[in-house]
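# Commentary on secondary and tertiary structure
The residues making up each chain are set out below.
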Amino acid sequence: MQPSVKRGMFKIVKNITWDDIMTKIQNECDDFREGPTKPTLELHSKNDSPTLVCRNEYYPNTILSAYNEILEKIPVTTMHIYTSFSSKYEPFGNHADDTNILIVQARGNMSYSFSDKDIHLNPGDALVIPKGLYHKPNPSGLRVTLSFDLGEELY
């Protein structure tokens, strides 16, 4: 299977504000401090270049609008939000997921390396990565990327 990219598929995701991202991160930190049974905030850090993965279902303002825009086209459930603050860190290296993944680029740019090509994403672009396909995320600076588990479906 090959990855498939759809350019400019989503418009509202481009409106996600940094204020709402920071509110989301703060909410995840508050959840973490309250001691949930399963932490929803994940920090991947190398030197001074962290990537945060937010996993709870609190979606403030522009994030909720983006989630609803995606939900209108694809029946997704849980959204994970990846926020990187630098291009100096490769958050996950080359890996394969055990389900089909939908990536939607919201803020900044991102690229994904596959064995035979690189795919560059701009805000509003969508990328479907079939399960088992090795890929390497490459942040190019400040970015917000939305990720969804598609299960067995490919869109």
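Before reading on, note that the structure itself is shown above.
For the structure given in this document, a descriptive report is provided here. All values derive from a computational prediction rather than experimental measurement. (Residues numbered from 1 in each chain as written. Predicted model: local features only at pLDDT ≥ 70, side-chain atom pairs only at ≥ 80, totals over all residues. Heavy atoms only, no water.)

## Things to note about unusual backbone geometry
Its identity as a non-glycine residue notwithstanding, Asn61 has a phi of 35°, on the positive side. Mapped onto the elements, Asn61 comes out in helix H2 (residues 61–73). (Helix = DSSP H or I, 4+ residues; strand = E, 2+ residues; numbered from the N terminus.)

## Overview of H2
One turn of an α-helix holds 3.6 residues; hence residues three or four places apart share an orientation. When the terminal C-alpha atoms of H2 are compared, their 19 Å separation across 13 residues agrees well with the 18 Å that a helix rising 1.5 Å per residue should span. The complete set of buried residues in H2 reads Thr62, Ile63, Ala66, Tyr67, Glu69 and Ile70. One side of H2 carries all its buried residues, which in axial view fall inside an arc of 155°. Opposite its buried face, H2 presents the exposed residues Asn61 and Glu72, each directed more than 90 degrees away. (Expected span 1.5 Å × (residues − 1). Buried < 20%, exposed > 50% of the residue type's maximum accessible area, 1.4 Å probe, protein only. Arc of directions from axis to C-beta.)

## So, the packing of aromatic side chains
Per the stated rule, a full pass over the model turns up 1 aromatic pair. Ring centres of Tyr59 and Tyr67 lie 4.9 Å apart, and the angle between their planes is 35°; this geometry places the pair in the tilted category. Each member of the pair, Tyr59 as well as Tyr67, carries the same accessibility label: buried. (Phe/Tyr/Trp six-rings, centres within 6.5 Å; stacked < 30°, edge-to-face > 60°.)

## Considerations on the pattern of salt bridges
By the definition in use, this model includes 2 salt bridges. For the salt bridge of Asp125 with Arg7, the shortest nitrogen-to-oxygen distance reads 2.9 Å. Of this pair, Asp125 sits in the loop between strand E7 (118–121) and strand E8 (126–129) while Arg7 sits in the loop between strand E1 (4–6) and helix H1 (18–33), placing them 118 residues apart in sequence. A relative accessible area of 4% places Asp125 in the buried class. For Arg7, a relative accessible area of 49% translates into the label partly exposed. The partner of Glu28 in a salt bridge is Lys24, with the nearest N and O atoms 2.9 Å apart. Within this pair, Glu28 and its partner Lys24 are both found in helix H1, separated by 4 residues, close to a single helical turn. We note that Glu28, like Lys24, is buried. (Salt bridge = Lys/Arg side-chain N within 4 Å of Asp/Glu carboxyl O.)

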